[in-house]
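Letter by letter, the chains look like this.
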Amino acid sequence: MQRGICKLCLQTSDLLDSHFIPAAMYKRLRNASTKNLNPVIVTSKVTSSTSRQIKHHLLCSDCEDRFNKNGEMEVLKWVSDGKRFPIVELLGRSVPFSMAQDFTVYSGTTVGIDTEKFAYFALSVVWRAAVHQWDLPFGGMTTVLDLGELEEPIRQYLLGASGMPEDAAVVLNVCTDFGSIGSFYPPARIEKVSSQAFGFLTLGVVFSIYIGSDRSEE
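Residues numbered from 1 in each chain as written. Predicted model: local features only at pLDDT ≥ 70, side-chain atom pairs only at ≥ 80, totals over all residues. Heavy atoms only, no water.

**Digging into the overall build of the protein**
Within the protein, the secondary structure is distributed over seven helices and eleven strands. Burial analysis of the protein (218 residues in total) assigns 41% to the buried set. As presented, the protein carries roughly 11900 Å² of accessible surface, and 49% of it is formed by carbon and sulfur atoms. (Helix = DSSP H or I, 4+ residues; strand = E, 2+ residues; numbered from the N terminus. Buried < 20%, exposed > 50% of the residue type's maximum accessible area, 1.4 Å probe, protein only. Areas by Shrake-Rupley, 256 points an atom, 1.4 Å probe, with all protein chains shown as cover.)

Written out as structure tokens, the structure reads:
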């Protein structure tokens, strides 16, 4: 630990070595069938296996616990663990909201997903990308995301001081291809949409976060 100001509650406290992507995600990528158990990390310059994780002294223990209970624990119940993919199993026995040629649409609330906790997790990861520039395992740093006027309302929401901002929306896409199930990547700006949007992948689930008053692409 080190002493400092927690980015979420803004109180001076002992700061934990907070993960950008939850530590449990890394554990699920460790491949016991290969000599090197460590996951492959892809950056713009290097692709290699490493045990190093993206982390920084960012949050106090209370705020780490808040992130865990309000979002991370729920998402981990549903994403791929390398053997099972619970959210795909759930959708397979659920009635679709609508169907198209290339995809099927489901109502998360109707099928039994705690959509509030999924939304909380999505906004917590994007917020982490906005309030700190993280060191990458092979050198270089992440790109700081610009949440504009919603950065403070999102912080208040994550802290539990207010509800989810009305100008924010979260959409989930569940992927069943091998590459998506066994991967994650940190948030990045989604280009070529009319609204401000960010996306990231966690073990088969792609989160798309749209913010601002113009969300015609959500």
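Moving on from the model shown.
**A few points about the environment of Phe118**
Relative to the helices and strands, Phe118 resides in helix α5 (residues 115–131). For Phe118, a relative accessible area of 1% translates into the label buried. C-alpha of Phe118 to C-alpha of Met73: the two residues are 45 residues apart in sequence and 9.8 Å apart in space. The residues touching Phe118, leaving out its near neighbours within four places in the chain, are Glu74, Val75, Trp78, Ile113, Leu172 and Phe207. (Contact = heavy atoms within 4.5 Å.)

**Considerations on the sheet that holds strand β1 (residues 2–5)**
Within a sheet, adjacent strands bond to each other through the backbone by hydrogen bonds, running parallel or antiparallel. As summarised here, the arrangement of the three strands in space is β1-β2-β5, forming an open sheet in which the pairing is antiparallel. Two strands close off the open sheet at either side, each with one partner strand: β1 and β5 (55–60). The mean inter-strand angle of the sheet, taken between neighbouring strand axes irrespective of direction, is 60 degrees. The pairing of strand β2 (residues 12–19) with β5 spans five bridges and is classified as antiparallel. Paired with His19 across the two strands is Lys55, which belongs to β5. (Pairing = 2+ DSSP bridges. Axes fitted to C-alpha atoms, helices over the stretch in contact; angles between N-to-C directions.)

**What about the nonpolar core?**
Counting residues in each nonpolar core, the largest one holds 53 residues, and the members touching the most others are Leu158 and Phe207. Of all the secondary structure elements, the ones that give two or more residues to this core are α1 (23–29), β5, α2 (61–78), α3 (86–92), α5, α6 (151–159), β10 (196–202) and β11 (205–211). The residues touching Phe207, leaving out its near neighbours within four places in the chain, are Val75, Phe118, Phe121, Ala122, Val170, Val171, Leu172, Phe198, Gly199, Phe200 and Thr202. (Core = buried A, V, L, I, M, F, W, Y, C linked by side-chain atoms within 4.5 Å.)

**Some words on the packing of aromatic side chains**
Scanning the model with the defined rule gives eight aromatic pairs in all. Measuring from ring centre to ring centre gives 4.9 Å for Phe200 and Phe207, while their planes differ by 10 degrees; the resulting arrangement is stacked. Residue Phe200 shares its accessibility class with Phe207, and that shared class is buried. In this structure an aromatic cluster arises from ring pairing among Phe67, Tyr120, Trp127 and Tyr157. (Phe/Tyr/Trp six-rings, centres within 6.5 Å; stacked < 30°, edge-to-face > 60°.)

**Side note on unusual backbone geometry**
One non-glycine residue, Leu10, adopts positive backbone phi at about 65 degrees. For Leu10, the position within the fold is in the loop between β1 and β2. By relative accessible area, Leu10 is classed as partly exposed at 46%. Even without being a glycine, Leu203 presents a positive backbone phi close to 50 degrees. Within the fold, Leu203 resides in the loop between β10 and β11. Overall, the relative accessible area of 1% leaves Leu203 in the buried class.

**Here's the deal with the side chain of Ser80**
Along the polypeptide, Ser80 turns up in the loop between α2 and α3. Judged by its relative accessible area of 4%, Ser80 falls in the buried class. At 3.2 Å, the side chain of Ser80 and the backbone nitrogen of Gly82 are in polar contact. (Polar contact = N/O pair within 3.5 Å; in protein donor to acceptor, adjacent residues only side chain to side chain.)

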